[in-house]
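Analysis of the macromolecular model
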Amino acid sequence: MSQKIFIYQVLPRLFGNRNVTRKENGTIAENGCGKFEDFDEDTLARIQAMGFTHVWYTGIIRHATTTDYSAYGIPRQHPAIVKGKAGSPYAITDYYDVDPDLAENVDARMAEWESLIARTHAVGMKVIMDFVPNHVARQYKSICKPDGVRDLGEDDDTGMGFSVSNNFYYCVGQSFEPSIDLVAEAESPYQEFPAKATGNDRFDAHPGCNDWYETIKLNYGIDYCDAGGRSYHFNPIPSTWQKMTDILLFWASKGVDGFRCDMAEMVPAAFWSYATNIVKERYQHLVFIGEVYDTNQYRQYVGSGFDYLYDKVGMYDCVRDVICGRRPAASITYQWQYCDDIFDHMLYFLENHDEQRIASDFFCGDGYKAIPGVLTCALMQRNPFMVYSGQEFGEYGMDKEGFSGVDGRTTIFDYWSPRSLAEKCNLPAYHQEEKALAQYYQQILSMANRERIFYDGLFYDLMSANPASDNFNPQTQYAFLRKADDEVAFVVVNFSQESATANVVIPNHAFDFFAMPEKRVSAIDLLSGDVVDVELKRDGMFPVTLLPYSGRVFKFNIKMEKDYILNEHGKDEFPPAHSTEHLLNQVMVRKFHCGRSINAHIERKKSKMTFELAQKPTRQDEKEIEREMNKLIAEDLPVTYELVERSKISDSAMLDRLPESAGNVVRLVRIGDFDVCPCVGKHVRSTSQIGRFELLGTNWDEMEHIFRIRFKVIQ
């Protein structure tokens, strides 16, 4: 494996919507709607720079809505069987069409979706889309199906409650009479005869308001109401199997890279074996992600062709309880052990469109409290991790949007504009606290895909060797090791609101498992850049200090000889200005083909740097320096650290600036892929924390060809 999968889930209807009217139960005209085109190259590049490898675009296929698109030949839906003004993305009305809400030009909506797929690929990410196999909207009718395709239900015998040839289940002789208002805002009531079974396995004509009354169940050859109990009829192949497989092939042909399969466990595993074999034979790169809640069925669905499964009832529920103080951190061990034989197939997450927002009053009220959970889920195994858009900014999720009400979730039923997306993600000026949280996410995800330890390394849980003691608290602390080649990562997180000091035992067995020698090593914290010397001993302790709701990720090399001397100094740098120094050095090197500064005085209020140049820069050059600096700052490049032996460092790292006393091992500071330099000082997490670069003035010495720049950073 060369990369860990990180998925960014977005609901395009919400993500790109900058309309901040936010009227409860508002229409699309009142509240606005995001569009495919809102995912332009800059937006997608920003998502990719966060560390994401895949984007899951939620709600692409056309679904039931109260918005009238009949002028475009799209059938209207009766409002009584649409949840909210926008409708549920999982009440599909045409499997061969895309949501017209998302198009600038409704007639060209499919072309706009295909363009978004291409743009996503162009920035180096892959595309996941929903496949909703268990149910469709009550008024399903395809107007975009390819020639020769028979529509779902078109050939059904409605006089039979169950038939292997039918696509739906019927309540023979009964009208649809749910406990909801069947008129709503229409002139006449919704009518359905005979009534079809409801999506959440209601095989009667009277679903309640808490049922999936807006959907109808698809028939995959299971007779749920057989007199002798549930019976299976898979030979001959049911009609629904063939039609749904053709739908998968249709979307695969558009260039998508995978499907997130809604409520996969409500569809028989035998169908998935049939469909995934056919689709993957033609599109070998495709991945299937299944929403499966029954942990007892995990292995069955992995065996039927799923690459990844939601680990909701397992890891999600556990980590959520740990964050909220309802379970000890040590309980995480049981969750991964339960899936130890299939852990590569588990998709970890802490938010999605179904779950309550971390920062909501229903979860823990603060996005920062989840950071130890994010570190754990993103770094402990090789499997994928997913983030729901807005999570990285601490989206509150406490809006009263309309149909959803105040439930701690971000609506999927209403036209809305979540503050974290409209005011933070899409606009340059958002609050420093939320920006810092997003930078923490970026640092974690980028680190996980930069370090082979995390995307392809071995895993060792340290909890069994660290029971409750004065040295370690398994109620709020969790620790593990990762290893790849000669490098080891020691990860420990703190789920507590209190700072802590821990002495984590690394047991004798871990040394044997990793073939790790006893020796003294220099370990660098990949999050802060701090370097510590640690004596590795069998059953010895690794001392660590932990801030509230945080973690430490120390990396060390077990083969590297201990020869660590950094250019120590007594300065207490102002991190924004110090990181600016590194950026400005590289800007000057690239623009003027000069060396790095020959003299620098970096201060909190004002700084100055001196360069040797071949000729005096023009006023236009000076303006371009300032413009390029602020462009780099806005790109939010991550600042990362590593300890490297001199012999393995490229010439670009400017080793000639190291003092003679420096040893064989140096600390490199990287700013994205833009600059790398030996340094022991303090830095920002990513460049957007710098603020704004302002060039105050310059001086030119014609005799010495010396160019001095005076600048400051404005927070």
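All of the points below concern the structure found in this document.

Reading the values: the criteria
- Residues numbered from 1 in each chain as written.
- Predicted model: local features only at pLDDT ≥ 70, side-chain atom pairs only at ≥ 80, totals over all residues.
- Heavy atoms only, no water.
- Helix = DSSP H or I, 4+ residues; strand = E, 2+ residues; numbered from the N terminus.
- Rg over C-alpha atoms; globule rule 2.2 N^0.38 Å.
- Contact = heavy atoms within 4.5 Å.
- Areas by Shrake-Rupley, 256 points an atom, 1.4 Å probe, with all protein chains shown as cover.
- 1 Å grid on protein atoms, 1.4 Å probe; cavity = no way out; pocket = protein on both sides within 12 Å on 5 of 7 lines; lining within 4 Å.
- Points joined across faces, edges and corners; volume = space filled by probe spheres on them.
- Nonpolar A, V, L, I, M, F, W, Y, C, P; charged D, E, K, R; others polar.
- Buried < 20%, exposed > 50% of the residue type's maximum accessible area, 1.4 Å probe, protein only.
- Salt bridge = Lys/Arg side-chain N within 4 Å of Asp/Glu carboxyl O.
- Polar contact = N/O pair within 3.5 Å; in protein donor to acceptor, adjacent residues only side chain to side chain.
- Pairing = 2+ DSSP bridges.
- Axes fitted to C-alpha atoms, helices over the stretch in contact; angles between N-to-C directions.
- Core = buried A, V, L, I, M, F, W, Y, C linked by side-chain atoms within 4.5 Å.
- Patch = residues over 30% accessible without salt bridge, like charges linked within 9 Å, V, L, I, M, F, W, Y side chains within 5 Å.
- Lys, Arg positive; Asp, Glu negative; His and termini not counted.
- Charge placed at Lys NZ, Arg CZ, Asp CG, Glu CD.
- Parallel < 35°, antiparallel > 145°, perpendicular 65-115°, else oblique.
- Left-handed = near helix turned anticlockwise from the far one by under 90°.
- Phe/Tyr/Trp six-rings, centres within 6.5 Å; stacked < 30°, edge-to-face > 60°.
- Lys NZ or Arg CZ within 6 Å of the ring centre and 35° of its normal.

Notes on the overall build of the chain
A count of helices and strands for the chain gives 16 helices and 31 strands. In terms of C-alpha radius of gyration, the chain reaches 29 Å, essentially the compact-globule figure of 27 Å for 715 residues. Taking the principal axes of its C-alpha atoms as reference, the chain extends roughly 95 × 65 × 45 Å. Taking contacts inside the chain between residues at least 6 apart in sequence as the whole, the part at least 24 apart equals 72%. Of the accessible surface of the chain, which amounts to about 28,200 Å², a share of 46% is contributed by carbon and sulfur atoms.

Concerning empty space enclosed by the protein
Scanning the model with the defined rule gives four cavities of 30 Å³ or more in all. The calculated volume of the second largest cavity comes to roughly 80 Å³. Around the second largest cavity, the lining comprises 13 residues; the ones closest to its centre are Thr65, Thr67, Ile74, Pro75 and Gln77. In terms of residue class, the lining of the second largest cavity is built from five nonpolar, five polar and three charged.

Regarding unusual backbone geometry
With the exception of glycine, most residues fall at negative phi, and the peptide bonds are largely trans. Residue Pro194 is bonded to the preceding Phe193 through a cis peptide linkage, with omega at -10°. With respect to the helices and strands, Pro194 occurs in the loop between β7 (170-171) and β8 (195-196). Unlike most non-glycine residues, Arg22 shows phi in positive territory, near 55°. Its location among the elements puts Arg22 in the loop between α1 (12-15) and α2 (28-31). On the basis of relative accessible area, Arg22 is assigned to the buried category, the value being 13%. Unusually for a residue other than glycine, Asn25 sits at a positive phi of about 60°. With respect to the helices and strands, the residue Asn25 is situated in the loop between α1 and α2. Assessed through its relative accessible area of 36%, Asn25 is described here as partly exposed.

A closer look at helix α9 (residues 331-338)
The complete set of buried residues in α9 reads Ser331, Ile332, Thr333, Gln335 and Trp336. If you follow the buried residues of α9, they end up packed against α8 (312-323), β15 (346-349), α10 (371-379), β17 (458-461) and β18 (477-484).

Quick notes on the pattern of salt bridges
Tallied over the full model, the rule gives 44 salt bridges. Residue Asp344 is joined to Arg382 by a salt bridge in which the shortest nitrogen-to-oxygen separation is 3.2 Å. On the criterion of sequence distance, the pair formed by Asp344 in the loop between α9 and β15 and Arg382 in the loop between α10 and β16 (385-388) is long-range, its members being 38 residues apart. Through salt bridges with shared partners, a single ionic network connects Arg62, Asp94, Asp97 and Arg109.

Notes on the side chain of Asp675
Along the polypeptide, Asp675 turns up in strand β29 (residues 675-678). The class for Asp675 is buried, based on a relative accessible area of 2%. One polar contact links Asp675 to Gln586, side chain to side chain, over a distance of 2.6 Å. Excluding its chain neighbours within four sequence positions, the residues that come into contact with Asp675 are His582, Gln586, Arg596, Val669 and Arg670.

Quick look at the sheet that holds strand β30 (residues 692-701)
Pairing between the strands of a sheet is mediated by backbone hydrogen bonds and can be parallel or antiparallel. Spatial strand order, β25-β26-β31-β30: four strands in an open sheet with antiparallel pairing. Since the sheet does not close on itself, it has two edges, and those belong to β25 (599-601) and β30, each with one partner. Going across the sheet, the axis of each strand differs from the next one's by a mean of 20°, ignoring polarity. Sheet analysis places β25 next to strand β26 (residues 607-612), joined by three bridges and oriented antiparallel. Its bridge partner being in β26, Ala600 is matched across the sheet by Met609. Packing against the sheet, helix α15 (residues 575-592) makes contact with β25, β26, β30 and β31 (706-714), and its axis sits at approximately 140° to β31.

Let's talk about the nonpolar core
Formed by 192 residues in total, the largest nonpolar core has its most connected members in Tyr95, Trp113, Phe259 and Tyr478. The element best represented in this core is helix α5 (residues 239-252), accounting for eight residues. Within the second largest apolar cluster, 10 residues are counted, among which are Ile81, Cys171, Leu182 and Ala205.

Examining the environment of Pro617
The residue Pro617 is located in the loop between β26 and α16 (619-634) in this model. For the pair Pro617 and Asp486, spaced 131 residues apart in the sequence, the C-alpha separation amounts to 47 Å. Setting aside residues up to four positions removed in sequence, Pro617 forms contacts with Phe592, Trp700 and Phe707.

Considering the sheet that holds strand β14 (residues 308-310)
The sheet built from eight strands closes into a barrel, its strands ordered β1-β2-β5-β12-β13-β14-β15-β16 with parallel pairing. Neighbour-to-neighbour, the strand axes of the sheet open up by a mean angle of 30°, direction not taken into account. Pairing of strand β1 (residues 6-10) with β16 involves four bridges; the strand directions are parallel. Counterpart to Gln9 in the pairing with β16 is Tyr388.

As for a positive patch on the surface
A contiguous patch of positive charge on the surface is contributed by Lys606, Lys608, Arg708 and Arg710. Within the secondary structure, Lys608 sits in strand β26. Judged by relative accessible area, Lys608 falls into the partly exposed class, the value being 36%.

Points about the environment of Glu642
By secondary structure assignment, the location of Glu642 is in strand β27 (residues 639-645). When the C-alpha atoms of Glu642 and Pro678 are compared, they prove to be 9.6 Å apart, with 36 residues separating the residues in sequence. Here Arg670 takes part through its side chain, which lies 2.6 Å from a polar atom of the side chain of Glu642.

Considering the packing of α15 against α16
Close contact between α15 and α16 brings their axes to 10 Å; oriented N to C, the two are set at 130°. Taken together, the axis directions place α15 and α16 in an arrangement best described as oblique. Both α15 and α16 take part in a crossing whose hand is right-handed. Together, Thr580, Leu583, Leu584, Val587, Met588, Lys591 and Phe592 of α15 and Asp621, Glu624, Ile625, Glu628, Met629, Leu632 and Ile633 of α16 make up the contact between the two elements. Among the residues forming the contact of α15 with α16, the class breakdown is nine nonpolar, one polar and four charged.

Thoughts on the packing of aromatic side chains
Taken as a whole and assessed by the stated rule, the structure comprises 44 aromatic pairs. Here the aromatic rings of Phe6 and Phe385 are separated by 6.4 Å at their centres, their planes lie at 85°, and the arrangement is edge-to-face. Placement of the pair is Phe6 in strand β1 and Phe385 in strand β16, with a sequence separation of 379 residues. In this structure, Phe6 and Phe385 share a single accessibility class: buried. With 6.0 Å between their ring centres and 65° between their planes, Trp241 and Phe271 make a pair best called edge-to-face. Of the two residues, Trp241 is situated in helix α5 and Phe271 in helix α6 (residues 269-282); the sequence distance between them amounts to 30 residues. For Phe271, a relative accessible area of 0% puts it in the buried group. For Arg138, the ring lying beneath its charged end belongs to Phe176, and the centroid distance is 3.9 Å. Positioned above the aromatic ring of Phe363 is the side chain of Arg320, whose terminal nitrogen or guanidinium carbon lies 4.2 Å from the ring centre.

This is a description of form; function is not addressed.
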